[in-house]
Amino acid sequence: MKKQEETRIYVVVAGTIQVPVIANSCKPPLKTVVQPVGRQIAQACHAVSKLRYEKSQHFGDVGVPFEPMTTIILQARDSAEMGHVHYLLFKKKLQPVIFSDNNPEYGPGDWPTSVAVFAQPKKVKGILDYLPLWGSK
């Protein structure tokens, strides 16, 4: 009998966030906000919390003991790459969650900063396997 791969939590964090610039013909339509390392880790934590919370709400797991799970944090270059990965995970019906944050550096509104998903390694092959581990660069 073939052993089934363990389900893991995969988190993709954007190294930079692209946000619109207030209308000015001299500037490009987007500005790039570099995410400090501490903020990136916080965004990963928020995404994992949201993923676990939504699972508990969906399946009625309230009161079920905490279950540790292997968590892999990956680095996306920017919010566009992170958004593309989210789209591919969604298209594959893996039910990813996206965490959006607000910060004065971004300007008004909430902006996507991280994505998390429960998945087996084989399910994310070709989607996440090219991304480097967070902090490895």
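Residues numbered from 1 in each chain as written. Predicted model: local features only at pLDDT ≥ 70, side-chain atom pairs only at ≥ 80, totals over all residues. Heavy atoms only, no water.

**Comments concerning unusual backbone geometry**
Part 1 of the reasoning: The backbone of K93 sits at a positive phi, close to 65 degrees, despite the residue not being glycine.
Part 2 of the reasoning: By secondary structure assignment, the location of K93 is in the loop between α2 (79–91) and β5 (97–101).
Part 3 of the reasoning: A residue is classified by how much of its surface remains accessible, and K93, at 71% relative accessible area, is exposed.
Part 4 of the reasoning: In the Ramachandran plot, Q95 falls in the positive-phi region, its phi being about 55 degrees despite a non-glycine side chain. (Helix = DSSP H or I, 4+ residues; strand = E, 2+ residues; numbered from the N terminus. Buried < 20%, exposed > 50% of the residue type's maximum accessible area, 1.4 Å probe, protein only.)

**A closer look at the nonpolar core**
Part 1 of the reasoning: Counting residues in each nonpolar core, the largest one holds 21 residues, and the members touching the most others are Y10, V12, L74, V85, L89, V124 and L128.
Part 2 of the reasoning: In this view, L74 contacts Y10, V11, V12, V13, L128, L131, P132, L133 and W134; residues no more than four positions away in its chain are not counted. (Core = buried A, V, L, I, M, F, W, Y, C linked by side-chain atoms within 4.5 Å. Contact = heavy atoms within 4.5 Å.)

**Observations regarding the sheet that holds strand β4 (residues 71–76)**
Strand-to-strand pairing in sheets goes through backbone hydrogen bonds, with the strands running parallel or antiparallel.
Part 1 of the reasoning: Strands sit in the order β4-β1-β6-β5 across an open sheet of four strands; the sheet is mixed. Looking at which strands have only one partner, the edges of the open sheet turn out to be β4 and β5. Neighbour-to-neighbour, the strand axes of this sheet turn through a mean angle of 20 degrees, independent of strand direction.
Part 2 of the reasoning: Where β5 meets strand β6 (residues 111–119), five bridges bridge the pair, whose relative direction is antiparallel. Among the inter-strand pairings, V97 is bridged to a residue of β6, identified as A116.
Part 3 of the reasoning: Sitting on the sheet, α2 touches β1 (8–14), β4, β5 and β6, and the angle it makes with β6 is about 35 degrees. (Pairing = 2+ DSSP bridges. Axes fitted to C-alpha atoms, helices over the stretch in contact; angles between N-to-C directions.)

**Some details on the environment of A44**
Part 1 of the reasoning: Here A44 shows up in helix α1 (residues 37–59).
Part 2 of the reasoning: Along the sequence, A44 and A116 sit 72 residues apart, while their C-alpha atoms lie 7.9 Å from each other.
Part 3 of the reasoning: Excluding its chain neighbours within four sequence positions, the residues that come into contact with A44 are V11, V13, I73 and S114.

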